[in-house]
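Topology and contacts: notes
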Amino acid sequence: TIECKRDFKAHKTGRVFVEFECRGKPSGISTSEAEYWVYIYGPDDTDLRAILLPTVFLREIVRSLIADKQVYNGGDQNLSKGVLIQLGDLVVCR
């Protein structure tokens, strides 16, 4: 299974926001049952790009950033907590 996310700012910031908590409860990457995540980004609907990666790999990155206290509020009304990850850090060759 694949969880698909669209980040409307990533093409400008070079980063995606990965939610792990909302309103004090686990959410997003913390509760996903998907095997893979895909991030779709681009300046508009005619110029989209996508990055597909294993959920287990994304969780490793998120845990590392949480441990480094790189946590931000975001999402609708800033009710979510998450981390910002550079797009280049999501591209893995194994």
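So, here's what we can say about the structure.

Thresholds, definitions, all that
- Residues numbered from 1 in each chain as written.
- Predicted model: local features only at pLDDT ≥ 70, side-chain atom pairs only at ≥ 80, totals over all residues.
- Heavy atoms only, no water.
- Helix = DSSP H or I, 4+ residues; strand = E, 2+ residues; numbered from the N terminus.
- Buried < 20%, exposed > 50% of the residue type's maximum accessible area, 1.4 Å probe, protein only.
- Pairing = 2+ DSSP bridges.
- Axes fitted to C-alpha atoms, helices over the stretch in contact; angles between N-to-C directions.
- Contact = heavy atoms within 4.5 Å.
- 1 Å grid on protein atoms, 1.4 Å probe; cavity = no way out; pocket = protein on both sides within 12 Å on 5 of 7 lines; lining within 4 Å.
- Points joined across faces, edges and corners; volume = space filled by probe spheres on them.
- Nonpolar A, V, L, I, M, F, W, Y, C, P; charged D, E, K, R; others polar.

Brief notes about the environment of V91
By the secondary structure assignment, V91 is in the segment after strand 7 (80–86). What makes V91 exposed here is its relative accessible area of 54%. Separated by 40 residues in sequence, V91 and I51 place their C-alpha atoms 7.2 Å apart.

Quick notes on the sheet that holds strand 5 (residues 49–54)
If you trace the three strands from one edge of the open sheet to the other, you get 1-4-5, paired in mixed fashion. Looking at the sheet topology across the chains shown, the edges are occupied by strand 1 (2–6) and strand 5. Neighbour to neighbour, the strand axes of the sheet diverge by 20° on average, direction disregarded. Pairing of strand 4 (residues 36–41) with strand 5, which is carried by six bridges, proceeds in the antiparallel orientation. Each residue of the ladder has a partner; that of Y41, found in strand 5, is R49. Helix-sheet contacts for helix 2 (residues 55–67) involve strand 4 and strand 5, and the interaxial angle to strand 5 is about 90°.

Examining the layout of surface pockets
Each pocket or cavity is described by its volume, and for the largest pocket that value is around 620 Å³. Lining the largest pocket are 25 residues, and of these D7, F17, V18, G74 and G75 lie nearest its centre. Mapped onto the lining of the largest pocket, the elements with two or more residues apiece are strand 1, strand 2 (15–22), strand 4, strand 6 (72–74) and strand 7. Residue composition of the lining of the largest pocket, grouped by class: ten nonpolar, six polar and nine charged.

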